[in-house]
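The chain contents come next:
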Amino acid sequence: AEAEGRRLAEAFMAAARAGDPAAFARLLSAEARLVSDGGGKRVAARNVLAGRDRVAAFCAGVSRKTGWGDRWTTRAARINGLPGFVMTGPDGVQT
């Protein structure tokens with residue numbers, strides 16, 4: 001389970017660097033849901049997004065608009081006990 005979590009986190013970052021909706025979609029279940037809150041300071045969906053295609057399109061769009069692959073550094077981390085990553089960009093750290 002640990003290795004699979006790391007593999008998924010790495011695949012997510014590869015999709016982010018590419019800004020590729022199809023790459024994001026391959027990582028998600030058909031029932032995927034995205035809940036986000038940018039606190040008025042970060043890009044976030046205003047409503048819950050439901051479904052693989054909507055979540056993948058949102059993630060790819062944010063990736064392209066924010067330059068995740070170009071202007072951000074990432075490092076592996078555990079978040080809420082699960083494999084993930086911490087992203088650091090021009091405005092500081094995000095998880």
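Model, not experiment: these values are computed from the prediction.

Undergrad: If you had to explain the overall build of the protein chain to someone new, which residues and values would you point to?
TA: When its secondary structure is counted, the protein chain shows four helices and five strands. Mapped from its N terminus to its C terminus, the protein chain presents α and β elements in the order α-α-β-β-α-α-β-β-β. Relative to the globule expectation of 12 Å for 95 residues, the C-alpha radius of gyration of the protein chain, 13 Å, shows essentially globular dimensions. Residues counted as buried form 34% of the 95 residues belonging to the protein chain.

Undergrad: Outline the sheet that holds strand β4 (residues 82-89), supporting the account with residue identities and numerical values.
TA: Strand order in the open sheet formed by three strands is β3-β4-β5, and the pairing between neighbours is antiparallel. This sheet does not close on itself; its edge strands, each paired only once, are β3 (73-79) and β5 (92-94). Averaged over all neighbouring strand pairs, the angle between strand axes comes to 30°, with direction disregarded. In this sheet, β5 lies alongside β4 in antiparallel orientation, the contact comprising three bridges. The residue bridging M87 from the neighbouring strand is Q94, located in β5. Contacts from helix α1 (residues 2-18) reach β3 and β4 within the one sheet, and its direction differs from that of β4 by about 30°.

Undergrad: Residues and numbers for helix α3 (residues 52-66), please.
TA: Compared with the 21 Å implied by 1.5 Å per residue over 15 residues, the 21 Å span of α3 between its first and last C-alpha is a close match. Taken together, the buried positions of α3 are occupied by V55, A56, C59, A60, G61, V62, S63 and T66. Just past α3, the residue G67 takes up positive phi, approximately 70°.

Undergrad: Can you explain the pattern of salt bridges? Please cite residues and give values.
TA: A side chain with one charge may pair with a side chain of the opposite charge, provided their charged atoms come close. What the rule picks out here adds up to one salt bridge. A salt bridge links R7 to E4, with the nearest nitrogen and oxygen atoms 2.9 Å apart. Of the two residues, R7 and E4 are both situated in helix α1; the distance of three residues between them amounts to about one turn of the helix.

Undergrad: Account for the nonpolar core, naming residues and giving values.
TA: Counting residues in hydrophobic clusters, the biggest one holds 18 residues, and the most contacted among them are F24, L34, L49, V55, C59 and F85. Among the secondary structure elements, those contributing two or more residues to this core are α1, α2 (21-26), α3 and β4.

Rules used in this analysis
- Residues numbered from 1 in each chain as written.
- Predicted model: local features only at pLDDT ≥ 70, side-chain atom pairs only at ≥ 80, totals over all residues.
- Heavy atoms only, no water.
- Helix = DSSP H or I, 4+ residues; strand = E, 2+ residues; numbered from the N terminus.
- Rg over C-alpha atoms; globule rule 2.2 N^0.38 Å.
- Buried < 20%, exposed > 50% of the residue type's maximum accessible area, 1.4 Å probe, protein only.
- Pairing = 2+ DSSP bridges.
- Axes fitted to C-alpha atoms, helices over the stretch in contact; angles between N-to-C directions.
- Contact = heavy atoms within 4.5 Å.
- Expected span 1.5 Å × (residues − 1).
- Salt bridge = Lys/Arg side-chain N within 4 Å of Asp/Glu carboxyl O.
- Core = buried A, V, L, I, M, F, W, Y, C linked by side-chain atoms within 4.5 Å.

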